[in-house]
Structures are given as structure tokens and as C-alpha cells.
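A closer look at the structure
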Amino acid sequence: MSKYKRFAVVMLGITLLVIFICNGIYLLNSRRDSGRIYRVETARVAKELQEKPAEDIDLSKYHTIVSVREFVPEENCNEDYVVEQAAGKLYRISYRQTKAQGTLVPMNIAFGCLFILMLVFLIYIGQKVLKPFHNMSELTCELAKGNLSVPIKAEKSRFFGRFLWGMDMLRDHLESDRQKELEFQKEKKSLILSLSHDIKTPLAAIELYTRALSENLYDDEEKRTGALQGISRNAKEIEKYVNEIVTASREDFLNLKVQEGEFYLSNVMRSLELYYRDKLLATHTELVMDELTDCLLKGDENRLVEVLQNVMENAIKYGDGIAIRIFYADEEDCRLISVENSGCTLKEEELPHLFDSFYRGSNSHGVKGSGLGLYICKDLMRKMDGEVFAQMDGTRFRVTVVVRKA
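Nothing here was measured: the structure is a model prediction, and the numbers come from that model.

In this section: the overall build of the protein. Of the regular secondary structure elements, the protein holds 8 helices and 10 strands. Looking at the protein residue by residue over its 406 residues, the buried ones come to 32%. Taking contacts inside the protein between residues at least 6 apart in sequence as the whole, the part at least 24 apart equals 64%.

Given below as C-alpha cells:
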């Protein structure tokens, strides 16, 4: 705020300086104009004196001429005058300088009003915009530090009220997500500890059976067969626990939610094109989008954009960079959105596994990724009562997103 106050003082000072300069220029020009006027009018009077006597000259049509009479050197005159010769006589032509104050006063009133308006505007900006902004300047830093428990103070400012309301919603959402994450971590640790404890029992049994067999403690074939069966049984039990860990991990590590609603396909595709048109232009990849027949869809608009972005990213990363095509089809009560790229080197037998979590195809060598993109797409589309699947046609790879119509 101190910088703004200095800025305001400087601006007001500059404004006053400009007003003074304008006044000086105006007064100077007015005097020059006045001088020109009386010179022109005295010359006109002198011309008239060549034709008529002084008493016959109508002075009402002159702005600066006061009187015209014969010049008498001994006569005192308190007015400004010039001496002109006409018809063989000398005449004293008295004049007055025109005053600029008549126009100067309204001009300065206007300048004063502008100065007051500027002062009010600067005070308003300082109090209603910069002061609230200064008060919340530490807000984002506190959120970044993780200070999420204290609600954000509401601000009635017409400029920042909605912003602060949105920031408070973000803070509340982050706090809720943090609590859920803590609960999830707690549940995960409890699960791991519980399963680890459960695994110890069959593992100990396997260790005993193995030691007994290695030391030839069983003297007949029937006991050795029973020990081997015991090892197999306990190994299957351990495998069951491992599967439980894997299943729990796959179900919980991504807590994806969708908000059901209705939206137009054109809004989704406009957002997608806006994001990728320039990006693909930079890589000299042609983006071909078939003509769109708009329709109303069901699901989560933001999540559908996320799904299509994941599909587009895969097309960019694993294609040959020549062209990406987006086209549409209708099937019963669904709209199909297909993204196709050229340069596919996948094997046909890999298609069923592409939507598994952490699975990466044979064409992923040297390409960064986690193997979760298509898995997330499938999970989101199923939660929106839709589907996603992949197809291959020679070197062309196509991912089709199926969305329900409203």
C-alpha cells in the first residue's frame, strides 16, 4: 500500500503541474491574441479616418477600441493608445487589452472537477481494490503451506467477494481431501499389518514342512506326501492374501468420482480442439476433426474432457506424429467419439490388456508414462454408464469413447 500511496501522490502532483502549465500557455496565447486584435482594429480605424471624421466612426463594432480623437501632445491620457496619421492629421486611438479571465475561470473549474474525480478514483481503487488484495496477499502462501483448517474471512468487495468464496471452497475441498487421504493411509496400513500378520501363520507352516523334509524327519512316503500337500495348501493361502492386497490396492489407489449431469458434446469438443490445435501445430501433426452433429449427453462434462485428453495424449505419444483424426458415430442411445492415430506398432494380442492398471505396451520403450491413462479412462466411463475400447487396423490405432445420450 505504501508504494501505491507514493504512486497516487506522484500522479496528483503531475496532474497539478499539467494544470498550471495549461493555464500559463492559455494566458500567454490570450495575450498574444489580444495584441493581434487591437492592432488589427486600430489599423481598420485608421483606414476609416481616411474617409470620415472621427466622430462619425461607430466604435460599437470594435472589441478593443475605446475612443478616437485628434492627438494633442500636451494632453494626458491614462489609457493605452496608438497614434495614427489620417487625412493629414494625427489621431490618438485608445484601446484596451482583452481579458482572458472570462474563459480561464470555467476552464479551471473543469480542471478542478477532473482533479477531484481523479482523487476520488485513486482513493476508491486503494480502498476497494488494493487494500482487500493486500489483506489476502498471504492467503495463497498459507494454502501452499498446508494451513487449511482456518476458514477464509469473507470479503464484501464486489471485486474479490466471489474470488474469496471460491478460495474458501478450494480450501474446504483440500482439507476434505487431506482428511480422506489420512483415513485412506490409515486403512491401508491397517490392512497391510493385518494381512502381514495373517501371512505369518501359513509362512511358518511352510517353513516347518520344508525343514522337516530337508532333514528327512518323515520316515515314510505318506508323511512326506502330507507335508508337500501342507506346503501347497499354505502357499495357496498366502496367494489368496496377496490377491487381496492387489485387489484392495487397485480399488483404492484412485478414488475417482463423477458428477452426473447433462451437457452438449459441442462444448466438450470445442474445449478439446482449443487445447490441442496449437499444441499439434507446434509438432507439425495434422488434427482432422470430422463435422460434428451436436447432441445432449449424460455424465460429467469435465470427466469426459479428462478422458478425451488422456486418449489424445496417448495418440500423440505413441503415434508417428503425422495425423490424428477425431470422428463420430451413433449406436442406439449412445454417441461414439473415436480418436485415431497412425504409426501403431502394438501387437494384436496386447489389446485386451491396454486398459489394465500399470500395463504398458510393447511400444512404450523410451516413452514416459505410468500405465494408468487408459485404466483411468475406463474407470471414469463405466462410472458414467459408458464405455471405452480400442481397435487396430494395420498401423492405425483407434480408441473409441462411448457416451450415453440424454
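After presenting the structure, the write-up continues.
With that settled, consider the nonpolar core. Counting 43 residues, the largest nonpolar core has Met269, Leu304, Met312, Ile326, Phe397 and Val401 as its most contacted members. Going through the elements one at a time, helix 6 (265-282), helix 7 (301-318), strand 7 (323-331), strand 8 (334-341), helix 8 (373-383), strand 9 (387-393) and strand 10 (396-404) are the ones with two or more residues in this core. When residues no more than four places from it in sequence are discounted, the contact partners of Ile326 are Met269, Leu272, Leu287, Val288, Met289, Asp290, Met312, Ile337, Ser338 and Val339.

Moving on: the pattern of salt bridges. Enumeration over the complete set of coordinates arrives at 20 salt bridges. When the shortest N-O distance is used, the salt bridge between Asp333 and Arg404 registers 3.0 Å. In this pair, Asp333 sits in the loop between strand 7 and strand 8 while Arg404 sits in strand 10, placing the two residues 71 residues apart along the sequence. When salt bridges with common partners are traced through the structure, they connect Glu48, Lys52 and Lys61 into a single cluster.

A word on the packing of helix 6 against helix 7. Relative placement of two packed helices is described by the angle separating their axes and the distance separating the axes. Where helix 6 meets helix 7, the axes come as close as 10 Å, and the angle between the chain directions of the two elements is 30°. It follows from the interaxial angle that helix 6 and helix 7 lie roughly parallel. Like other packed secondary-structure pairs, helix 6 and helix 7 cross with a definite hand, here right-handed. Of the residues in helix 7, those in contact with Asn267, Val268, Met269, Ser271, Leu272, Tyr275, Tyr276, Lys279 and Leu280 of helix 6 are Glu301, Leu304, Val305, Leu308, Gln309, Met312, Glu313 and Ile316. A breakdown of the residues in the contact of helix 6 with helix 7 according to their chemical character gives 11 nonpolar, 3 polar and 3 charged.

So, about the sheet that holds strand 2 (residues 80-86). Here 3 strands make up an open sheet; going across it, the order is 1-3-2 and the pairing antiparallel. Of all the strands in the sheet, the pair left with one neighbour each is strand 1 (65-70) and strand 2. Neighbour to neighbour, the strand axes of the sheet diverge by 25° on average, direction disregarded. Inspection of the sheet shows strand 1 paired to strand 3 (residues 89-95) by 5 bridges, in the antiparallel sense. Paired with Ser67 across the bridge in strand 3 is Ser94.

Going through the model one piece at a time under the given rule, you end up with 1 aromatic pair. Summarising the aromatic geometry, the rings of Tyr275 and Tyr276 are spaced 4.7 Å apart at their centres and angled 80° between planes, so their arrangement reads as edge-to-face. Sitting over the ring of Tyr81, Arg92 keeps its end group 4.8 Å from the ring centre.

A word on the sheet that holds strand 9. Read across the sheet, 5 strands follow the order 5-7-8-10-9 without closing on themselves; strand pairing throughout is mixed. Across the chains shown, the open sheet's two edge strands, defined by having one partner strand only, are strand 5 (286-289) and strand 9. Neighbour to neighbour, the strand axes of the sheet diverge by 20° on average, direction disregarded. As paired strands, strand 9 and strand 10 are joined by 7 bridges and run antiparallel to one another. Within strand 10, the position partnered with Asp393 by the bridge is Arg396.

Looking now at a nonpolar patch on the surface. Taken together, the side chains of Val10, Ile14 and Val18 make up a nonpolar region of the molecular surface, amounting to roughly 240 Å² of accessible area. With relative accessibility at 48%, the residue Val10 sits in the partly exposed group.

Strand 3 sits mainly inside the fold: 5 of its 7 residues count as buried. Looking at chain direction, strand 2 and strand 3 are connected through 7 bridges and run antiparallel. Bridge pairing in strand 3 places Gln85 opposite Leu90.

This part takes up unusual backbone geometry. Positive phi is not limited to glycine here, since His284 has a value of about 60°. For His284, the location among the structural elements is in the loop between helix 6 and strand 5. A positive phi angle, close to 55°, is found at Glu332, a residue other than glycine. Structurally, the position occupied by Glu332 is in the loop between strand 7 and strand 8. Take Glu332: its relative accessible area is 76%, and that puts it in the exposed class.

A word on helix 7. Between its first and last C-alpha, helix 7 extends 26 Å over 18 residues, near the 26 Å set by a 1.5 Å rise per residue. Taken residue by residue, helix 7 has Arg303, Leu304, Val305, Val307, Leu308, Val311, Met312, Asn314 and Ala315 as its buried positions. Two or three places before Asn302, at the opening of helix 7, Asp300 has a side-chain oxygen 3.1 Å from that residue's backbone nitrogen.

A word on the packing of helix 7 against helix 8. Relative orientation of the contacting elements helix 7 and helix 8 amounts to 155°, with a least axis distance of 9 Å. Compared by their axis directions, helix 7 and helix 8 come out roughly antiparallel. In the crossing of helix 7 with helix 8, the sense of the turn from one axis to the other is left-handed. In this structure, helix 7 contributes Arg303, Leu304, Glu306, Val307, Asn310, Val311 and Asn314 to the contact, and helix 8 contributes Gly373, Leu374, Ile376, Cys377, Leu380 and Met381.

Right, let's get into the environment of Gln259. Looking at the element boundaries, Gln259 is found in the loop between helix 5 (221-252) and strand 4 (261-264). Note: C-alpha distance between Gln259 and Arg303 (44 residues apart in sequence) is 8.5 Å. Dropping the residues within four chain positions of it, Gln259 is found in contact with Gly299 and Asp300.

Criteria and thresholds
Residues numbered from 1 in each chain as written. Predicted model: local features only at pLDDT ≥ 70, side-chain atom pairs only at ≥ 80, totals over all residues. Heavy atoms only, no water. Helix = DSSP H or I, 4+ residues; strand = E, 2+ residues; numbered from the N terminus. Buried < 20%, exposed > 50% of the residue type's maximum accessible area, 1.4 Å probe, protein only. Contact = heavy atoms within 4.5 Å. Core = buried A, V, L, I, M, F, W, Y, C linked by side-chain atoms within 4.5 Å. Salt bridge = Lys/Arg side-chain N within 4 Å of Asp/Glu carboxyl O. Axes fitted to C-alpha atoms, helices over the stretch in contact; angles between N-to-C directions. Parallel < 35°, antiparallel > 145°, perpendicular 65-115°, else oblique. Left-handed = near helix turned anticlockwise from the far one by under 90°. Nonpolar A, V, L, I, M, F, W, Y, C, P; charged D, E, K, R; others polar. Pairing = 2+ DSSP bridges. Phe/Tyr/Trp six-rings, centres within 6.5 Å; stacked < 30°, edge-to-face > 60°. Lys NZ or Arg CZ within 6 Å of the ring centre and 35° of its normal. Patch = residues over 30% accessible without salt bridge, like charges linked within 9 Å, V, L, I, M, F, W, Y side chains within 5 Å. Areas by Shrake-Rupley, 256 points an atom, 1.4 Å probe, with all protein chains shown as cover. Expected span 1.5 Å × (residues − 1). Polar contact = N/O pair within 3.5 Å; in protein donor to acceptor, adjacent residues only side chain to side chain.

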